[in-house]
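# Remarks on the overall topology
Here's the letter readout for the chains.
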Amino acid sequence: MNSGLDLELSFNQAMQGFGISSDIAHILWLPLPMLLVLIAAVVGVLVTVWLERKISAAAQQRIGPEYAGALGILQPMADGLKLLVKEDIIPARADGLLFTLGPILVLVPVILSWLIVPFGQNLLISNVGIGIFLWIALSSIQPIGLLMSGYASNNKYSLLGGLRAAAQSISYEIPLALSVLAVVMMSNSLSTVDIVAQQNNAGFLSWNVWRQPVGFVIFWICALAECERLPFDLPEAEEELVAGYQTEYAGMKFALFYLAGYINLVLSALLVSVLYLGGWGFPIPVNLLASWIGQSPDSALIQVFTGAAGIVMTILKAYLLVFLAILLRWTTPRVRIDQLLDLGWKFLLPISLVNLLVTACLKLAFPIAFGG
Amino acid sequence: MLGFLQKVSNYTKDAISAANYLAQGLSVTFDHMRRRPITVQYPYEKLIPSERYRGRIHYEFDKCIACEVCVRVCPINLPVVDWVMNKETKKKELRNYSIDFGACIFCGNCVEYCPTNCLSMTEEYELSAFDRHSLNYDNVALGRLPTSVTTDPSVKALKELAYLPKGIMDPHEVKANAKRTGDLPKNILKAIKKPSTSQQLSDNTIIDDKQ
Amino acid sequence: MNISNSTELICFIILSTIVVCGGIGVVLLENIVYSAFLLGGVFMSVAGLYLLLNASFVAAAQVLVYVGAVNVLILFAIMLVNKKEEMNEVKGLKLRKFLSGFVCIGLLILIIRVNITTAWPLPGPKSIGEESTIRIGEHLFTDYLLPFELASVLLLMAMIGAIVLARRDVYFENENISPSNNIIKQSKTPLIADKSSN
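Nothing here was measured: the structure is a model prediction, and the numbers come from that model. (Residues numbered from 1 in each chain as written. Chains lettered and ligands numbered in written order. Predicted model: local features only at pLDDT ≥ 70, side-chain atom pairs only at ≥ 80, totals over all residues. Heavy atoms only, no water.)

This part covers a nonpolar patch on the surface. On the surface, a nonpolar cluster with roughly 590 Å² of combined accessible area is contributed by M1, L2, F4, L5 and V8 of chain B. Relative to the assigned elements, M1 of chain B resides in the segment before helix 1 (2–32). (Patch = residues over 30% accessible without salt bridge, like charges linked within 9 Å, V, L, I, M, F, W, Y side chains within 5 Å. Areas by Shrake-Rupley, 256 points an atom, 1.4 Å probe, with all protein chains shown as cover. Salt bridge = Lys/Arg side-chain N within 4 Å of Asp/Glu carboxyl O. Helix = DSSP H or I, 4+ residues; strand = E, 2+ residues; numbered from the N terminus.)

For the structure on display, the rule yields 13 salt bridges over all chains. In this structure, the salt-bridge partner of R35 of chain B is D31 of chain B, at a minimum N-O distance of 2.9 Å. Take D31 of chain B: its relative accessible area is 23%, and that puts it in the partly exposed class. For E124 of chain B, the salt bridge identified is with R56 of chain B, shortest N-O distance 3.4 Å. Taken together, the positions of E124 of chain B in the loop between strand 5 (119–121) and strand 6 (136–137) and R56 of chain B in the loop between strand 1 (45–47) and strand 2 (57–59) put the pair 68 residues apart, joining distant regions of the chain. Of the two residues examined, E124 of chain B and R56 of chain B, each falls in the buried class. Through salt bridges with shared partners, a single ionic network connects E52, R229 and R329 of chain A. (Buried < 20%, exposed > 50% of the residue type's maximum accessible area, 1.4 Å probe, protein only.)

A few words on the side chain of N155 of chain A. Residue and element names in this part refer to chain A. Relative to the helices and strands, N155 resides in the loop between helix 7 (142–152) and helix 8 (156–187). At 2.7 Å, the side chain of N155 and the backbone nitrogen of Y157 are in polar contact. When neighbours within four sequence positions are excluded, N155 is seen to be in contact with G150, T247 and E248. (Polar contact = N/O pair within 3.5 Å; in protein donor to acceptor, adjacent residues only side chain to side chain. Contact = heavy atoms within 4.5 Å.)

This part takes up the pairing of strand 3 (residues 80–86) of chain B. Residues and elements named next belong to chain B. Looking at chain direction, strand 3 and strand 4 (residues 91–100) are connected through 7 bridges and run antiparallel. Following the sheet pairing, V80 is matched in strand 4 by S98. Between strand 3 and strand 4, which follow one another and run antiparallel, lie 4 residues, and K90 among them has a positive phi close to 55 degrees. (Pairing = 2+ DSSP bridges.)

In the structure shown here, the tally under the stated rule is 19 aromatic pairs over all chains. Ring plane angle 35 degrees and centroid distance 5.9 Å describe the contact between F254 of chain A and Y258 of chain A, whose orientation is recorded as tilted. Placement of the pair is F254 of chain A and Y258 of chain A together in helix 13 (residues 251–275), with a separation of 4 residues, close to one helical turn. Lying over the aromatic face of W83 of chain B, K92 of chain B brings its terminal NZ or CZ to 4.8 Å of the ring centre. (Phe/Tyr/Trp six-rings, centres within 6.5 Å; stacked < 30°, edge-to-face > 60°. Lys NZ or Arg CZ within 6 Å of the ring centre and 35° of its normal.)

Generally speaking, soluble globular proteins have nonpolar side chains that are buried together. By size, the foremost hydrophobic cluster in this structure holds 99 residues, and its most contacted members are W114, I132, W135, F219 and Y276 of chain A. Considering every element that reaches this core, the biggest residue donor is helix 13 of chain A, with 13 residues. Look past the residues within four positions of F219 of chain A in its chain and what remains in contact with it is W135, L176, S179, V180, S268, L271, V272, L275 and Y276 of chain A. With 25 residues, the next largest nonpolar core counts C64, A66, Y97 and L127 of chain B among its residues. (Core = buried A, V, L, I, M, F, W, Y, C linked by side-chain atoms within 4.5 Å.)

Here the focus is the interface of chain C and chain A. The interface is formed by 24 residues belonging to chain C together with 24 residues belonging to chain A. Our enumeration of links across chain C and chain A arrives at 0 salt bridges. Connecting chain C to chain A are 1 residue pair in polar contact (both at pLDDT 80 or more). When residues of the side of chain C that touches chain A are traced back to their parent elements, those giving at least two are helix 2 (32–52) and helix 3 (56–80) of chain C. Of the residues contributing to the side of chain C that touches chain A, the split by class is 17 nonpolar, 6 polar and 1 charged. (Nonpolar A, V, L, I, M, F, W, Y, C, P; charged D, E, K, R; others polar.)

Residue and element names in this part refer to chain B. Here 3 strands make up an open sheet; going across it, the order is 3-4-6 and the pairing antiparallel. Of all strands in the sheet, those bounded by a partner on one side alone are strand 3 and strand 6. Of the pairings in the sheet, the one linking strand 4 to strand 6 comprises 2 bridges and is antiparallel in character. Residue pairing across strands places D100 opposite N136, the latter belonging to strand 6.

A pair of packed helices is captured by two measures, namely the crossing angle of their axes and the spacing between those axes. All names here are of chain A. Packing of helix 7 against helix 8 leaves a shortest axis separation of 7 Å and a crossing angle of 165 degrees. On the basis of their axis angle, the class for helix 7 and helix 8 is roughly antiparallel. Crossing of helix 7 over helix 8 shows left-handed handedness. From helix 7, P143, L146, L147, G150 and Y151 reach across to helix 8, where they touch S158, L159, G162, L163, A165, A166 and S169. Looking at side-chain class alone, the contact of helix 7 with helix 8 contains 8 nonpolar, 4 polar and no charged residues. (Axes fitted to C-alpha atoms, helices over the stretch in contact; angles between N-to-C directions. Parallel < 35°, antiparallel > 145°, perpendicular 65-115°, else oblique. Left-handed = near helix turned anticlockwise from the far one by under 90°.)

Distances and angles like these do not, on their own, reveal function.
Structure, rendered in structure tokens:
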């Protein structure tokens with residue numbers, strides 16, 4: 001396995017060229033990928049918001065945002081700016097401390113989860129060993145923030161919305177984790193880099209989606225439920241709960257919820273592409289392409305191409321899934337709370353358990369195909 | 001054991017049919033994405049109302065004989081006809097007439113039954129006001145001539161779908177003098193009366209006064 | 001002392017302060033919702049301590065299980081039963097408080113004593129880092145298999161107990177699974193039955 005581009009190493013060497021010690025170069029390097037990924041996440045959200053509005057408009061035979069920038073591409077920016085300068089209101093009888101802490105607790109775990117999203121062999125902030133498990137653990141913090149803001153708003157709708165969000169998160173976390181476990185079992189590693197690397201032996205034919213179709217569907221359904229996307233947007237069902245836990249929020253605190261929701265959507269889409277759609281992998285193996293045009297896979301040109309194609313492929317796959325989520329939003333009606341819990345506990349949970357069992361059996365029976 | 005298997009197979013069938021319906025729904029949504037947006041950029045573009053559009057009611061004070069038929073046929077007796085009996089001429093003398101468009105449902109009964117045709121429906125529909133009492137139009141306000149979107153230079157007038165020429169779906173690409181599909185009602189009537197020359201008639205220049 | 005060591009020390013001091021102060025806050029705060037949220041904070045800092053010990057898997061499991069499940073369930077229970085109720089007067093409350101405080105302080109002294117008298121092998125065994133996930137799995141399925149299975153059986157018992165307590169008024173006479181019967185059966189479930197009876 002070639003290591004591909006290693007930007008940190010190059011940066012370190014360049015810094016040492018300036019006469020800076022390796023330790024300090026490492027410290028200088030640390031904030032760079034974090035900042036880059038933070039910017040990527042925010043830009044990803046802006047693009048997603050724009051896409052959401054444009055695609056929603058197209059699905060309803062409207063035009064959508066048009067005047068802010070070409071094709072309204074600056075509309076999300078304008079929205080964000082508006083929220084930034086809006087008055088920050090804390091309701092009179094609300095609990096000020098928890099009211100402020102809630103949105104932060106919702107946003108921070110989501111952003112932290114970007115730690116493990118790989119855009120290439122070395123293009124991620126940190127290849128932590130527990131990788132995907134970290135994401136599952138972090139996303140379980142979110143309901144606390146939701147409950148907190150629901151409680152602190154001192155509003156029936158907010159409290160109900162917060163409780164619903166927490167119930168939903170808890171019940172969908174289990175099938176989600178189980179379907180991830182099936183993937184992990186095949187790749188013998190929790191690390192996202194290993195999970196992708198194990199899928200990229202034969203181009204798109206070796207993607208996990210062929211070996212884990214059930215897991216793929218379960219994961220996607222659960223991810224939608226975790227993001228509170230439309231078939232499962234009960235916590236903010238406007239006909240019943242005004243806006244759920246966001247009811248009392250305005251200005252930047254509301255923007256934090258909004259941002260968290262969309263970052264979570266993009267993150268889930270990215271993780272689906274990492275877990276099931278080969279992550280940064282090109283549909284046709286790059287080595288094969290290189291040999292077709294008579295280039296060595298280790299040449300600098302091919303390396304740069306692999307890196308660039310990796311980023312493009314990851315984002316492309318993720319945005320295809322975002323598109324699917326938006327399409328689903330305008331196709332499916334909202335489920336009732338009892339249907340939601342039924343689906344989670346009586347349908348997804350047993351099926352994901354069976355999926356896990358079948359994967360284990362297949363792994364023992366066909367160790368070549370299922371990562372023995 | 002068999003019962004359990006039956007359960008499992010029912011379960012699977014349900015799941016598959018649910019997935020099937022979901023795919024159907026998704027394909028419908030997807031199909032809608034390639035359709036033309038029906039958006040009209042309102043203050044800058046306006047749709048031309050159809051010929052028999054029931055908009056704000058126009059009223060001619062001089063034609064009115066104060067018979068109050070309009071009041072009687074109105075579902076809520078809305079028009080206010082303020083007249084006095086002139087003892088000398090033994091005739092009704094009309095002093096005021098008003099209709100409150102805040103309550104009118106634009107059913108057009110008054111127009112239909114008016115014996116002197118002093119009431120008529122216009123194509124005006126922009127009746128928003130800051131105060132609902134300002135929607136109570138008196139005879140002066142009712143007598144104002146309606147404005148037309150086609151004559152307003154600041155507005156791009158768009159034809160409705162039914163008035164577009166054959167094969168064209170987007171009103172933006174229609175030339176101002178383009179003929180709509182099909183014949184006008186009066187031409188159709190003529191064609192019915194003389195079936196032998198129908199082809200000839202529809203080929204003749206048809207004056208489309210509205211479009 | 002290099003950068004990483006001092007960072008570790010600062011993190012340890014901050015985390016342990018949060019754990020101690022948070023723990024005291026959980027016990028002493030009047031508002032029970034605040035206590036529950038603080039408990040979540042304490043769990044998080046304990047996870048941070050695990051991270052400092054290079055036990056990232058345990059830290060993540062701590063967050064997932066304690067913060068994500070246990071604490072959320074506690075909050076759930078508190079918020080669903082958010083009734084301000086006058087507590088019954090307990091006889092000899094002062095004495096009870098004193099006794100329990102005495103026992104707790106005794107335990108604390110015991111722990112401190114153990115801490116001082118034990119000969120800790122310093123520095124401890126070399127951390128295995130990323131390997132630990134595999135090592136934990138191996139231990140769970142070999143030498144700790146019995147306690148592991150016993151714990152899961154205990155949890156299963158607790159779950160069944162909870163179900164029995166929650167739905168003891170529901171009986172199904174015959175297990176027909178025709179669709180029309182299903183609807184009737186659904187209407188017999190306590191959630192819906194409660195609604196109709198109230």
